[in-house]
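Residue-level structure breakdown
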Amino acid sequence: MTLPRQQQMNRQRNGHVLVWDQNGLNEIFEDKKPRCFQKRYFVTFMLFLGMANAYVMRTNMSVAIVAMVNHTAITDGHEDIYDDECPDTNLTQVEESQDGEFVWSSAQQGYILSAFFYGYIPFGMLAKKYGALRFLGYGMLINSVFAFFVPISARRGGAWGLSAIRFIQGLGEGPIVPCTHALLAKWIPPNERSRMGAAIYAGAQFGTIISMPLSGLLAEYGFDGGWPSIFYVFGAVGTIWSIAFIIWVYEDPCSHPTICEREKKYINNSLWGTNEMKIPPIPFRTIAKSLPFYAILLAHMGHNYGYETLMTELPTYMKQVLRFSLKSNGLLSSLPYLAMWLFSLFISVVADWMITSERFSHTSTRKIMNSIGQYGPGIALIAASYTGCNRILTLAILTVGVGLNGGIYSGFKINHLDITPRFAGVLMAITNCSANLAGLLAPIAAGILINNQPTIAQWQKVFFIAAAVYIICGTIFNFYASGKRQPWDNPENDHINDNHESQRHNNTITTVSASPAKTKQ
């Protein structure tokens, strides 16, 4: 079938046909009847809450561990827990009553914080076969239920018992990002992805904003010794969301029993050019040769290392060096993520405008947004390492830097959907798994660097490393990233990919059948 000239131009320009240029959709926009409730907005809202729950589970340990550790006992064991370079003037000093029940060194704390990320595996491939909905819903249910076992595992199993439970929680949370991407690819049209994607992933910052101050309050005033209540409260909330998600959300528009026909047709036609979705076998060999894929991979890995450095270590830095109290720590540690949440929502609207106004291509938009998102925090980390004991300036710089990090949600984070709408979940699974392996190194490296000597000079090394990773990976993305749909994702090339897969399958059969003949000779 010959496409109209304008559609051909659009496809050549950025790999996508604009929604309003597609056949069969004009009547949807021209229909003046009252619109039915848009199910894709409800899916977006539930995924937002899911992302928030995931990051609550991910970050609450960063604050809880400050309350769990007996700092006085560790100091008596010749580890300098507090840096005496910054005075306590005009600040609430750390009280002896805030000492916890566990004697864990900074290095041990680093391994506990990183245990969560060992549970991440590439669920996207499994989600493609069995459905993203099940893995996401039941995975988060496992994550939430095992939060109830954190206190008993720490008290009876020590650091290793706690690490084991956190590993299982990480295993349950592993599907959240790749499965969210897979559902985005099935539910959200291309011209809505920057806004919807940013809205969903803004749940990460929203969860962090809720988790850090509330964890600080629960650690100080909660039941069962304070810090255990963090995991009981958030575990209960996560369990409720998981059950609601499994019941009320569906895999795709075609399987939703109550979606109106108008919305289903609009979504499917804008995504696939037809009212039915057809996804062929994954072309792993061509993906492995794709430079835009590696650009996303390295950008994702660099972001996770820098982000996890801040997310897991900022409460510790604010207590050891800046000497904030536990209650103030949680609230102030959440300020950078509040800035990131608000900025990500604003910049996503700008990104969609850049694309729909046709002033910028998909490629240029993604590179500009990602540069803001990775160069911003990199420069801020370098600047913050030179502020010394100026608490207000340090916090202000980190707040601005982490806030600018919100640009990544309209940069590499959504770029999977640009280059391959059909395999976005699979690519996100690969990059997310690799990125979390890089991210787990962040608390380990920080723990080793500051172990026994939490000075400004040692923390400066931690910040420098994270800044270098941010900037280098962001630069690689600018060189090799693309916003165009790749040839190996073009439905018109499916027969070529199928022939490659069939040829490889036939070669395998030939080799297997030929082996016995050689044996007989």
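For the structure, check the block above.
This structure is a prediction, so every number in the text was calculated from the model and none was measured. By convention here, each chain's residues receive numbers from 1 onward along its written sequence. Under the rules for a predicted model, residues below a pLDDT of 70 receive no local features and side-chain atom pairs below 80 are neither given nor counted, while totals for whole chains, interfaces and linings still include all residues. Heavy atoms throughout the structure, all of them, feed into the side-chain values; hydrogens and water do not.

**Observations concerning the overall build of the protein chain**
By the criteria applied, helices consist of DSSP H or I runs no shorter than four residues and strands consist of E runs no shorter than two, each listed in order from the N terminus. Scanning the protein chain for helices and strands turns up 21 helices and zero strands. Think of it in three bands: residues with accessible area under 20% of the maximum for their type are buried, residues over 50% are exposed, and the middle band is partly exposed, with areas taken using a 1.4 Å probe on protein chains only. Expressed as a percentage of its 521 residues, the buried residues of the protein chain come to 58%. The long-range share in the protein chain, meaning contacts at least 24 apart out of those at least 6 apart in sequence, stands at 84%. For the protein chain, the accessible area works out to roughly 21,100 Å², and carbon and sulfur atoms hold 63% of it. Contact between two residues is taken to exist if any of their heavy atoms lie within 4.5 Å; hydrogens are not considered. Computed with a 1.4 Å probe, the accessible areas rest on the Shrake-Rupley method; for each residue, only the protein chains presented here act as cover.

**Some remarks on the pattern of salt bridges**
Between Lys or Arg on one side and Asp or Glu on the other, a salt bridge is scored when a side-chain nitrogen of the former is within 4 Å of a carboxyl oxygen of the latter. Applying the stated criterion across every chain, the model contains five salt bridges. A salt bridge links Glu308 to Arg58; its shortest N-O distance comes to 2.5 Å. With a gap of 250 residues between them, Glu308 in helix α14 (residues 291–320) and Arg58 in helix α3 (residues 39–68) connect regions that are remote in the sequence. On the basis of relative accessibility, which here comes to 1%, the residue Glu308 falls in the buried class. Glu261 serves as the salt-bridge partner of Lys264, at 3.6 Å between the closest nitrogen and oxygen. Here Glu261 and Lys264 lie together in helix α12 (residues 261–272), a separation of three residues that amounts to about one turn. You can call Lys264 buried: its relative accessible area is 18%.

**Focus: the packing of helix α5 (residues 106–115) against helix α19 (residues 424–450)**
What counts as an axis is a line fitted to C-alpha atoms, over the stretch in contact for a helix, and the angles between N-to-C directions run from 0 to 180 degrees. One way to put it is that α5 packs onto α19 with a least axis distance of 8 Å and a crossing angle of 175°. Regarding the angle of α5 to α19, the classification is roughly antiparallel. Between α5, through Ser106, Ala107, Gly110, Tyr111, Leu113 and Ser114, and α19, the contact on the second element is made entirely by Leu440, Pro443, Ile444, Gly447, Ile448 and Ile450. The nonpolar class holds Ala, Val, Leu, Ile, Met, Phe, Trp, Tyr, Cys and Pro. Asp, Glu, Lys and Arg form the charged class, and all remaining residues, Gly among them, are polar. A class-by-class count of the residues in the contact of α5 with α19 yields eight nonpolar, four polar and no charged. Here the word oblique covers every angle except those under 35 degrees (roughly parallel), over 145 (roughly antiparallel) and from 65 to 115 (roughly perpendicular).

**Topic: the packing of helix α9 (residues 176–187) against α19**
For any two helices packed against each other, one specifies the crossing angle of their axes together with the interaxial distance. The N-to-C vectors of α9 and α19 enclose an angle of 160°; their axes lie 8 Å apart at closest approach. Considered as vectors, α9 and α19 are oriented roughly antiparallel to each other. Along this stretch, α9 crosses α19, giving a crossing that reads as right-handed. Of the residues in α19, those touching α9 at Val177, Pro178, His181, Ala182 and Ala185 are Ala424, Gly425, Met428, Ala429 and Asn432. Residues belonging to the contact of α9 with α19 are distributed by class as follows: seven nonpolar, three polar and no charged. What makes a crossing left-handed is the near helix being turned counterclockwise from the far one by less than a right angle; a clockwise turn instead makes it right-handed.

**Focus on the packing of aromatic side chains**
In this analysis, rings of Phe, Tyr and Trp, with Trp reduced to its six-membered ring, are considered paired at centre separations within 6.5 Å, and the interplanar angle assigns stacked below 30 degrees, edge-to-face beyond 60, and tilted for intermediate values. By the definition in use, this model includes 15 aromatic pairs. When the ring of Tyr55 is compared with that of Tyr307, the centres are 6.4 Å apart and the planes differ by 70°; the resulting orientation is edge-to-face. Linking Tyr55 in helix α3 with Tyr307 in helix α14, this pair joins segments that are 252 residues apart in sequence. Assessed through its relative accessible area of 3%, Tyr307 is described here as buried.

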